[in-house]
Amino acid sequence: MDERNSGVVDKVSVFEAFAESLKAVANGRRLELLELMAQGEHAVEDLARITGMAMTTTSAHLQTLKRAGLVVTRRECTTIYYRLGGDDVAELYTAAKRVILSR
């Protein structure tokens, strides 16, 4: 493969990764979870209670966000806590929300 083709592959990889991350947030329940985590770290149980979702459903949504690198976890005994993966995730969420709500 020459340099030109390598650049195309890299560009495609970037767009594919971008699409995968957008797919992770393209769900109302996951957006709700992101908004809650933008306010601070939460235990899975708390997120399930606040949102009214079942624990298994909440966990599945959180795993999707984690695979996309949007959230990180820490364990304390048997409790798993989730928080945003960085300030840039909060900025992404805020910018997207601002754009959508202005339409």
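Scroll up to find the structure this text is about.
This structure is a prediction, so every number in the text was calculated from the model and none was measured.

### What about the nonpolar core?
In this structure, L34, M37 and L65 are the most contacted members of the largest nonpolar core, which totals 17 residues. Looking at this core, the elements with two or more residues in it are helix 1 (3–25), helix 2 (28–38), helix 3 (44–51), helix 4 (55–67), strand 3 (79–84) and helix 5 (87–101). It is helix 2 that contributes the most residues to this core, four residues altogether. With sequence-adjacent residues up to four places away left out, M37 is seen in contact with H42, L47, L62, L65, V71, Y82, R83 and L84.

### Some details on the layout of surface pockets
Considered as a void within the structure, the largest pocket measures approximately 230 Å³ in volume. Lining the largest pocket are L22, V25, L31, L34, L70, V89, L92, Y93, A96, K97, I100 and L101. At the level of secondary structure, the elements contributing two or more residues to the lining of the largest pocket comprise helix 1, helix 2 and helix 5. With seven residues, the top contributor of residues to the lining of the largest pocket is helix 5. Classifying every residue of the lining of the largest pocket by side-chain character gives 11 nonpolar, no polar and one charged.

### Side note on the pairing of strand 3
Along a regular strand, successive side chains alternate from one face of the sheet to the other. Bridge analysis of strand 1 (residues 42–43) against strand 3 gives two bridges, and the strand direction is antiparallel. Its bridge partner being in strand 3, A43 is matched across the sheet by Y81. Relative to strand 3, strand 2 (residues 71–76) runs antiparallel, the two being bridged by six bridges. Following the sheet pairing, R75 is matched in strand 3 by I80.

### Overview of the sheet that holds strand 1
Strand order in this open sheet of three strands is 1-3-2, and the pairing throughout is antiparallel. Of all strands in the sheet, those with a lone pairing partner are strand 1 and strand 2, marking the two edges. Contacts from helix 4 reach strand 2 and strand 3, with the element oriented near 120° to strand 2.

### Some points on helix 3
Turning to helix 3, its buried residues are V44, L47, A48 and T51. Summarising the axial view, the buried residues of helix 3 lie within an arc of 100°, below the 170-degree limit, and thus occupy one face. On its buried face, helix 3 is in contact with helix 2, strand 1, helix 4 and strand 3. Just downstream of helix 3, G52 is the residue with a positive phi angle, here 80°.

### Things to note about the packing of helix 2 against helix 5
Contact pair helix 2 / helix 5: the axes reach a minimum separation of 10 Å and the direction vectors enclose 125°. If you check the angle between helix 2 and helix 5, you find them oblique. At the point where helix 2 passes helix 5, the crossing takes the left-handed sense. Of helix 5, the residues touching helix 2 (which contributes L31, L34 and E35) are V89, Y93 and K97. Here the contact of helix 2 with helix 5 is built from residues that sort into four nonpolar, no polar and two charged.

Conventions and cut-offs
- Residues numbered from 1 in each chain as written.
- Predicted model: local features only at pLDDT ≥ 70, side-chain atom pairs only at ≥ 80, totals over all residues.
- Heavy atoms only, no water.
- Core = buried A, V, L, I, M, F, W, Y, C linked by side-chain atoms within 4.5 Å.
- Buried < 20%, exposed > 50% of the residue type's maximum accessible area, 1.4 Å probe, protein only.
- Helix = DSSP H or I, 4+ residues; strand = E, 2+ residues; numbered from the N terminus.
- Contact = heavy atoms within 4.5 Å.
- 1 Å grid on protein atoms, 1.4 Å probe; cavity = no way out; pocket = protein on both sides within 12 Å on 5 of 7 lines; lining within 4 Å.
- Points joined across faces, edges and corners; volume = space filled by probe spheres on them.
- Nonpolar A, V, L, I, M, F, W, Y, C, P; charged D, E, K, R; others polar.
- Pairing = 2+ DSSP bridges.
- Axes fitted to C-alpha atoms, helices over the stretch in contact; angles between N-to-C directions.
- Arc of directions from axis to C-beta.
- Parallel < 35°, antiparallel > 145°, perpendicular 65-115°, else oblique.
- Left-handed = near helix turned anticlockwise from the far one by under 90°.

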